Structure formats: structure tokens, C-alpha cells
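# Examining the three-dimensional arrangement
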Amino acid sequence: MTHPNILFIMTDQQRWDAMSCAGDWVRTPNLDRIAAEGVRFTYCVTTTPICIPARVTLATGHYPHNNNVWDNITYAMPEGVKTWMGAIRDLGYRTSMFGKTHLHPHRGDLREREHLINAYGLDDVDEIGGPRASAAVMSHMTKMWEDKGLLESYREDFKERFANKPHVARPSVLPLEDYADVYVGQRTKEYLEGYNRDEPWFCWMSFGGPHEPWDAPEPYASMYDPEAMPAPVPRPDEPPRPKGVLDLMLERLSPRFDPGDEGAMRANYAGNVTLIDDQIGEVLSVIEARGEMDNTVIGFTSDHGEMNGDWGLIYKMNFLDGALRVPLLVRTPETAANGGGKIVDAPAENCDLGPTLLELAGGSIDYPQFAKSLVPAMENGSTHRDAAISEYRGEFMVTDGKWKAAVNKDGKVYLLFDLVNDPRETRNLAGLSEYAHQSDAMRLRLFERVSETQFQSGVEWRPPV
């Protein structure tokens, strides 16, 4: 059989509604094109609303309750771990990665640990740290900044932001051509322009944005009007209820917003998303110029979202939609030829993209894991998952797209939303006696799913410290 080329696009901290095919406040014509030629999964959740655990689960198909990676801890995936990227390489692909992985600690010099990325299944590598890590770690990109005399100014800008107003929105001190997301796009573009091997290619283009700080460079920093941005979801008054990690975030990470701050954040964030979309467009143009679009599969997702002022919060690390829901697109030559533009509303998890791309490459997972290929839902509209789960710091969330519930470490429901009648999550029903039956039903559904996947994994349960 002829194996298609595969472009795996990933962003960091991109909300589900930060695409013009899913929301009305940011322009993403190239992501819209992928959606129009493929399938858009409208209700995809991250398996963990923070970087490292989400990325480890995406690579391995094992949840935090399987691998005990519950937070941004000091952790490196073992060199012998099985991944779907490695399975694609075993099919005869030449695999590559440009950008952020965060599958090992972001410290020291990333160039000295390329052997780890090779061991995970990726042959040709140019890894960078995320926006925060790039102020400290060395990589090919930060060495370039150093050679150009830009690294120290980046570090000073980073330091000043987080010492004074972490959510300040102002342009990067880096020129546009040296901005990290431009670096990732251009390195991917150069690689594919020069690709001349006989093997089909798999390329992971992994952007570090639109992760904070809110520092999109010009002209993107001024592209959107802050006053035209959607208002954040307000924090509602709530009945007495059990407490969870969200309450810790509300206590510690609720900044003092000055008038206009939320709109400024969202406008800068939107600019960063459009910058990334423009880079994606340049890579798509290369694929077209090579005459390979008719034999290329494209998958797109993010590791988690960004609150951007919802409930008075910034960042992620909770189970509200701003942090939890992410984009998920799959485009194949077949979906493009058949008109594309299909919508699937059933719950999905971002880790499901891995076995999907492997199946589209002609392979299948042959080891225990819990991600699930999206191909049947793409082909015949079958329900992909009855419910999706997410977890963080020993807490769990379950949603069937109609209801969402989150339980704390004591197993008590502290978030409950009727998503049909309250899609913006403005009324928390946890703790209300008239919804006790629904809380119990969702909790049982969650515990059955976690127990099933824990038993099958064979890993000893260890809650986070």
C-alpha cells in the first residue's frame, strides 16, 4: 500500500474556540481550510489541563492515573517507552519534529538530549523550550538569539513581566522573524522543502504558542481590537459545595485586572493564534508545491486551553472549558476529495489523535493504552466516546457533552454543569440537593471508567504527593 505523508500540528495552550471555524473572534483561514477539507471534533477535551501530563498521555495513551505523572513535575519519558510516533516510524516513515515536546525536563541544553527524542520515535529533531523555558534553556533557537544579541533582552523582558504584571499584553522584544512560533514554522518549511528521501514523511510541527506571556510581536500584537474581544465568563455565585483544586487556583491565580486587561489579553492571544495560522499556511503551500497534498494526512490539536480571564483566572490547571477544551481537526486525502467539512459532536480526548494518525498510516497500536482512533467516527459517524475524562493533581472530570462533573481527591463532586442549558458554565450545580442524583450518576460513570483503565494498565495506583 502507499503510505500517506503525515503532518501533525500542535499548539500549546490554545482554547477550542480560538479558530474562526469554531468562534468568531480570531481569524484562522488555514486551520479553517483543514477543517473544511476534513473533520472537526467540536467537543475535544485535554486529558490533563497542564503541559507535561497532557503531552505524556498524548505520546503514550496512558493517563496520569496510569503513569503517575499528575503535574509539571521533573519527569522524562523512559527511552524504551512505546509511542505511536515510534510505531509510525516502524512502518517505514522518516519522522521529524520541530518545536516543543516537553516529554523531558526543560532545563540545561536541549541539544544534548536529542537522543531522547530519537528514542521516542522521531529521527530529525530541532527541539525548543516553551516561552517560559526559553528564558533559561539552550536550544538551536536560543543559541541563534544569543548570536544575534537578542537572548538577554528576551530574558529581561520575561523577568520584568512576571515580577510586576504577569498578564500584561505587549509585543515581544524579539523581531517577528526571530519569534519562537515563526522559528518553528520556518524550520518545518525548510525541512519539507528540502525533503528528498524515498520514505514517506511524518512531521510534527509543535508550536510553543499561544502560551503566555501575552507577547505576540507586531504586526500581530495590533491586529485585533481589544474592545471587540468576547467578554470573559464571569465567576458565578455558588451554593455551598465541596472544594477542589479550582478553589486553590481561584485563591492563588486570580489576578487584579485593571480596566481593559481582559480584552488586551485576548486581543494579543488572538494575534498569536493568527501568527501561528499564517505559519501553518506557509507549510501547506510547500506541501502543495511538492504536489503532495493529495497524499497527505493532517492532524491538529493542542495540549490544553487558556482561561484568558474566564472566572477571573489566567492560565489553565482546572476543569472549566477555557482550560479543558481544545481544537481537534483531522484532514485526509479522502475527506478532502469527498467534500470535507464534517462535524462530530461526540466527546473526544486529544490523545485520540495519535492512534488516529497511526491507523491512517496503515498501522495499529499493539500495546496496552487507552487512546482511541477517531477513524470510525470519521468514516461512518459512529459515536467516538460516550464520555471523555480529564485529571489533574488526583482529581477527575467526566463529561458526556451534556453534563460535566468534577470530583476532588475525596471523591466528592464539586463542579456540576448542565451543558445543554448552560454552555458557558455560569451556574455550578454541585451541592444542590435537587441535582444530587445527577452528581451521583456522573461520579459513578467516572469511577467505572477510571477503575477500568487502571485495572487494564497494571500500574500501581499512586496519588499525587
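Whatever comes next refers back to the structure up there.
Here's what I pulled together on the structure shown here. (Residues numbered from 1 in each chain as written. Predicted model: local features only at pLDDT ≥ 70, side-chain atom pairs only at ≥ 80, totals over all residues. Heavy atoms only, no water.)

## Describing the nonpolar core
Within the largest apolar cluster, 44 residues are counted, with the highest numbers of intra-cluster contacts made by Phe 8, Phe 41, Trp 84, Ile 88 and Phe 202. No other element matches helix H13 (residues 353-361), which puts 5 residues into this core. Not counting the four nearest positions on each side in its chain, Phe 41 is found in contact with Leu 328, Val 330, Val 344, Leu 374, Ala 377 and Met 378. Leu 7, Ile 128, Cys 203 and Val 286 belong to the second-largest nonpolar core, a separate cluster that totals 42 residues. (Core = buried A, V, L, I, M, F, W, Y, C linked by side-chain atoms within 4.5 Å. Buried < 20%, exposed > 50% of the residue type's maximum accessible area, 1.4 Å probe, protein only. Helix = DSSP H or I, 4+ residues; strand = E, 2+ residues; numbered from the N terminus. Contact = heavy atoms within 4.5 Å.)

## A few points about the layout of surface pockets
Looking at the largest pocket, its volume works out to about 390 Å³. Forming the boundary of the largest pocket are 20 residues, of which Asn 72, His 102, Arg 132, Ala 133 and His 211 lie nearest the centre. Across the lining of the largest pocket, the residue classes tally to 9 nonpolar, 6 polar and 5 charged. (1 Å grid on protein atoms, 1.4 Å probe; cavity = no way out; pocket = protein on both sides within 12 Å on 5 of 7 lines; lining within 4 Å. Points joined across faces, edges and corners; volume = space filled by probe spheres on them. Nonpolar A, V, L, I, M, F, W, Y, C, P; charged D, E, K, R; others polar.)

## Considering the packing of aromatic side chains
Scanning the entire structure with this criterion turns up 13 aromatic pairs. Between Phe 98 and Tyr 191, the ring centres sit 5.0 Å apart and the planes meet at 55°, which makes this aromatic pair tilted. Here Phe 98 is found in strand E4 (residues 94-99), whereas its partner Tyr 191 is found in helix H8 (residues 180-193), with 93 residues between them in sequence. Each member of the pair, Phe 98 as well as Tyr 191, is classed as buried. Three or more aromatic residues joined by ring pairs make a cluster, and in this case those are Phe 8, Trp 84, Phe 202 and Trp 204. Positioned above the aromatic ring of Tyr 315 is the side chain of Arg 132, whose terminal nitrogen or guanidinium carbon lies 5.3 Å from the ring centre. Arg 266 extends its terminal NZ or CZ atom over the ring of Trp 25, reaching a point 6.0 Å from the ring centre. (Phe/Tyr/Trp six-rings, centres within 6.5 Å; stacked < 30°, edge-to-face > 60°. Lys NZ or Arg CZ within 6 Å of the ring centre and 35° of its normal.)

## Here we look at the pairing of strand E14 (residues 403-407)
The buried count for E14 comes to 5 of 5 residues, which makes it a mostly enclosed element. Across the two faces of E14 the burial is the same, with Trp 403, Ala 405 and Val 407 and Lys 404 and Ala 406 all buried. The hairpin turn running from strand E13 (residues 395-399) into E14, its antiparallel successor, is 3 residues long, and Gly 401 in that turn takes a positive phi close to 90°. Taken together, the 5 bridges between E14 and strand E15 (residues 413-418) define a ladder with antiparallel strand orientation. Note that in E15 the partner of Lys 404 across the bridge is Phe 417. Counting the residues between successive antiparallel strands, the hairpin from E14 to E15 contains 5 residues, one of them, Gly 411, with a positive phi of roughly 80°. (Pairing = 2+ DSSP bridges.)

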